[in-house]
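Observations on the three-dimensional arrangement
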Amino acid sequence: MEEENNLIIPSEKKKKKSKKNKKRKRIEVKMEIVPQHPEKIAPLVGYFPSGYDPQKIYTSEDDEPPRVRVFTNKQRSSRLELVVSPKGSKVNFVGTSHSGEATASQACTYALGVLDKETQSLKIVPIACNKIFRLEPRVGGLDVCKNEPSKESKEEELLTVEEKAGKIRDLTNLYGTKKVITKAKKNDILHRKEDPSTQKDLQKKTEKLVINKEALESAGTYTARNIPPHDSTATTPEKAYPLDKIIFQGEWDSLLDVLDYVQSEEQLASNAYPSFVCNRAHKLMEIEDEVEKKTLACIYSYITHLIKFKDKKSLDYSASAKSHRIPDILYKKFLRMFHDQFDHGRIEPSLEKKDLLISYVLVLTLIADGFKTDPSDIAKDLRMTSMSLRQYYLNLGCKLARVDKLLQVTLPLPLVFPKAKFERRKR
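Residues numbered from 1 in each chain as written. Predicted model: local features only at pLDDT ≥ 70, side-chain atom pairs only at ≥ 80, totals over all residues. Heavy atoms only, no water.

- As annotated in an unreviewed UniProt entry, the protein carries the name RNA polymerase I associated factor and is attributed to Macleaya cordata.
- As its UniProt record puts it under Subcellular location (unreviewed entry), the protein is described as follows: "Nucleus, Nucleolus".
- The UniProt entry for the protein carries this comment under Sequence similarities (unreviewed entry): "Belongs to the eukaryotic RPA49/POLR1E RNA polymerase subunit family." (UniProt positions renumbered as here; feature names shortened; annotations may be inferred.)

Rendered as structure tokens:
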């Protein structure tokens, strides 16, 4: 091995010496960088991967060089097409800036340098769209086949948006990482829509309902209070304001964000969740029953979405409400219930709609606290005072009392609502 090395090293030295002995001519040139003109196309650079070389074929002056044409898109000026047509041949060499390898991301920009030894000048010009055109051979008359859609593309066009989303979902579940699968599931929950089958069942049930005339006569008192669905003859607080009439069956899966945070032992951000929820999130870890834990966590999440919806529809809403994402199934429901659908020019909802939303929030806080609650933190979240919420609680049939200098709200049974007051106009 040592002898072989001794033989090789001198030969390498000789090669290096021979390279050094070559004299290189130095030329002093004036360099000019030509900027790209908005009304002129910059130079195009194309190469032939098929091996076609126009310089070797057309060597004499009598031979005509190939015809070079450049086409631009009228709507998108950045889309270029370079066509090289040799004389007497049916084959054209075509390269585009919007298909093939030209569409790949460009890590650097390109420029073309032209050296003129006679004038001793070097001009550097940027290349059009910073693309190198790959000139592929195409036989004349067969270009139409390329524009025709393949069988796969025709099948894809026949697929609906839901079927395409289902295919993507299946591929993600098969080949995606745990992080990607979890993110896809959360995205599906956010964009979940109402099930049409349940809507048909709901229509059938509503058709069979018997109209209660006495309830219609007292409808004015009900709309004035703006309270959620209730049963005034209930014997238990849970039946007085049924939870299944407030949170529908298809909405529970969209309300698992608080539970996910608690199970991952992450602390709820005060700017993302109301203080009512942040001050009570620790209770979820103390509950052993999984059904009860999930129910309470979903109530916390529903309260959060209601408050953020109220802030979104206010003129002075906070930045946290702007970045908050309400699931589609809930957002559409909130728009129907708490916003004026026929008044599109109005930013804020009417006072009646606001009162109804606040009543829903207060009922859910009562359910979360076991129908005995302190209104101080929820008043802060609603940007109100405890005393300003007094009338809302009374309209819900609640009782307010001072316990150890703190205001406490309870729900006595049976529900007793205050009578509507009618003020006489002064003549």
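1. Considerations on the side chain of histidine 324
- Considering the arrangement of structural elements, one finds histidine 324 in the loop between helix H15 (319-323) and helix H16 (328-338).
- Judged by its relative accessible area of 14%, histidine 324 is buried.
- Beyond its immediate stretch of four places on either side in the chain, histidine 324 contacts Ala272, Thr304, His305, Lys308 and Lys312. (Helix = DSSP H or I, 4+ residues; strand = E, 2+ residues; numbered from the N terminus. Buried < 20%, exposed > 50% of the residue type's maximum accessible area, 1.4 Å probe, protein only. Contact = heavy atoms within 4.5 Å.)

2. Quick notes on the sheet that holds strand E7 (residues 121-126)
- As summarised here, the arrangement of the 3 strands in space is E1-E7-E6, forming an open sheet in which the pairing is mixed. Every other strand in the sheet has two partners, leaving strand E1 (30-33) and strand E6 (111-116) as the edge strands with one partner each. For this sheet, the mean angle separating the axes of adjacent strands, direction not counted, is 15°.
- Of the strand pairs in this sheet, E6 and E7 are connected by 6 bridges, and their pairing is antiparallel. Bridge pairing links aspartate 116 to serine 121 in E7. (Pairing = 2+ DSSP bridges. Axes fitted to C-alpha atoms, helices over the stretch in contact; angles between N-to-C directions.)

3. Quick notes on the nonpolar core
- Counting 60 residues, the largest nonpolar core has Tyr241, Tyr302, Leu306, Leu362, Leu364, Ile378 and Leu389 as its most contacted members.
- Put simply, the parts of the chain that give this core at least two residues each are helix H11 (257-263), helix H12 (275-278), helix H14 (290-312), H16, helix H17 (351-368), helix H18 (376-381), helix H19 (390-395) and strand E12 (406-410).
- Element by element, the count of residues in this core is highest for H17, at 11 residues.
- Contact partners of isoleucine 378, with chain neighbours within four places excluded, come to Phe276, Ile303, Ile307, Val361, Leu362, Thr365, Leu389 and Tyr393.
- Membership of the second largest hydrophobic core comes to 9 residues, among which are Ala42, Leu80, Val84 and Ala128. (Core = buried A, V, L, I, M, F, W, Y, C linked by side-chain atoms within 4.5 Å.)

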